[in-house]
Each structure stands twice: as structure tokens, then as C-alpha cells.
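Fold and geometry: a report
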Amino acid sequence: MAFIVSAFRQLFDLAYFMAKGSVAYARKKGVKVGENCRIYIKNWGSEPFLVSIGDHVTVTSGVKFITHDGSTCLVKDAQGKRYQRFASIQVGSHVFIGVNSIIMPGVSIGSNVVIGAGSVVTKDIPDNAVAIGVPAKVVSNFADYQAKIQNTCASDSDLVGITDYQQRVERAMQVQQQKSS
């Protein structure tokens, strides 16, 4: 019976995710999500209510929010009972979290932040920073990152009127090539 209930719950969750979208699904699970966010994950772990996300945040595919430390099961008190550690995760506004990044318990990520793909964020990241690596370290400030993007990438303004996706990509690559020459 438990298997049937679990399967039904998973099917309902998938239907809700597909019908309402990823942001509504995250909110249903208990994640505090601001406005104008793009979320490309469905799994919020065992304590989604400990995750808070600001406005204009992109959470790309494969990102994991870890809100507990399971390794505490190895340490026992005098009665042989395990210890527990839970901690919330706070994400500011105007944040991009790259593919397959891991955000660890108790971490705060400031506003105007880029977290590079595959990063493991073990400590707080301040406002206006670009952080990458394992463990993630601040490697640049947001203003320098912004200037680099403006000087090397195509703007949506460069792509106005091109509706075919492949043509948009090809035009963006042409603009990038022109800017780098």
C-alpha cells in the first residue's frame, strides 16, 4: 500500500509540475521564491521550506540545495542517539546558479551574483560577486563580469526580429565574432 501511495504522490507531483510550472511547484513544496525567477529543477531535497530565493533568480538544471548534514549520524550521544544538523539557504536577487552546482547548508548567496557551473558553495558569497570552483571562491566582481559580457556577447537588441532559434544562435555567434576582432 505504501508503494501505491508513494507512486501516486510522485505522479501527482509530476502532473502539478507540468501543469503549473517549476516556480509554482517549488512554492508548493515550501520554497520561498521571489518574482520573475527561472527554475529548471524539480528536486528540492528533504527540507524545501529551508530554502529562500529572491527575485530574478535562475536555478539551472542539476542544481542541488542541501539543507542538512547526514554525516552527523556517525556521532552518537551517551544514549546512542544520533545528532542532527539543519541549516537554511538564502539566495538574494539577480542571481544565476550554474548547471550542477551544489549549495550547502547554512549558505547565504548575496544579490547580483553568478555561481559558475559545477561549483560547490560551502561558504557565504557576498553581493556583486562571481564565484566558481570546488569549493566556490570569488574570482571577480559583478561589475567586471558585466563589462566583459557587454564587450564580448550579443545583446537581445542585436537579435530583434529573428524568431528561428537556430538563426538567433548563428547571429549571436556572428556578433560575438565581430566584437572579438
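Whatever comes next refers back to the structure up there.
Residues numbered from 1 in each chain as written. Predicted model: local features only at pLDDT ≥ 70, side-chain atom pairs only at ≥ 80, totals over all residues. Heavy atoms only, no water.

**Brief notes about the nonpolar core**
In plain terms, the rule: Grouping buried Ala, Val, Leu, Ile, Met, Phe, Trp, Tyr and Cys residues that are joined through side-chain atoms within 4.5 Å yields what is termed a nonpolar core. Relative accessibility under 20% of the residue-type maximum defines a buried residue, over 50% an exposed one, and the middle range a partly exposed one, all with a 1.4 Å probe and only protein chains included. The secondary structure listing takes helices from DSSP runs of H or I that are at least 4 residues long and strands from runs of E that are at least 2 residues long, numbered from the N terminus.
Membership of the largest hydrophobic core comes to 29 residues, with the highest contact counts inside it found for Trp44, Ile53 and Phe65. Counting residues per element, the ones that place at least two in this core are helix H2 (22–29), strand S3 (51–53), strand S4 (57–59), strand S6 (89–91), strand S7 (95–97), strand S10 (113–115) and strand S12 (129–132). When residues of this core are assigned to their parent elements, the largest contribution, 3 residues, is made by H2.

**Quick word on the pattern of salt bridges**
Where we set the bar: The term salt bridge refers to a pairing of a side-chain nitrogen on Lys or Arg with a carboxyl oxygen on Asp or Glu at a separation within 4 Å.
The tally for this structure, following the rule as stated, stands at 2 salt bridges. Among the ionic pairs, Arg27 bridges to Glu35, the shortest N-O distance being 3.9 Å. Classification of Arg27 by relative accessible area gives partly exposed; the value is 38%. The exposure class of Glu35 is exposed, given its relative accessible area of 51%. With its nearest N and O atoms 3.4 Å apart, the salt bridge here joins Asp156 to Arg168.

**Remarks on the side chain of Ser52**
Here is the rule: Whether two residues are in contact is decided by their heavy atoms, any of which lying within 4.5 Å being enough.
Take Ser52: it is sitting in strand S3. Relative accessible area serves as the criterion here: at 18%, Ser52 is assigned to the buried category. Those residues within four positions of Ser52 in sequence are excluded, and the remaining contacts are Lys32, Ile89, Gln90 and Val91.

**Remarks on the sheet that holds strand S13 (residues 137–141)**
Just so we agree on the cut-off: A pair of strands is considered paired only if DSSP assigns at least 2 bridges between the two.
Spatial ordering of the open sheet is given by S2-S4-S7-S10-S12-S13, a layout of 6 strands whose pairing is mixed. The open sheet has two edge strands, strand S2 (38–39) and S13, and neither has a second partner. The pairing of S4 with S7 spans 3 bridges and is classified as parallel. For Val57, the partnering residue across the bridge sits in S7 and is Val95.

**What to know about unusual backbone geometry**
Here Val134 and Pro135 are connected by a cis peptide whose omega angle stands at -10 degrees. For His56, which is not a glycine, the phi torsion comes out positive at approximately 55 degrees. Its place among the elements puts His56 in the loop between S3 and S4.

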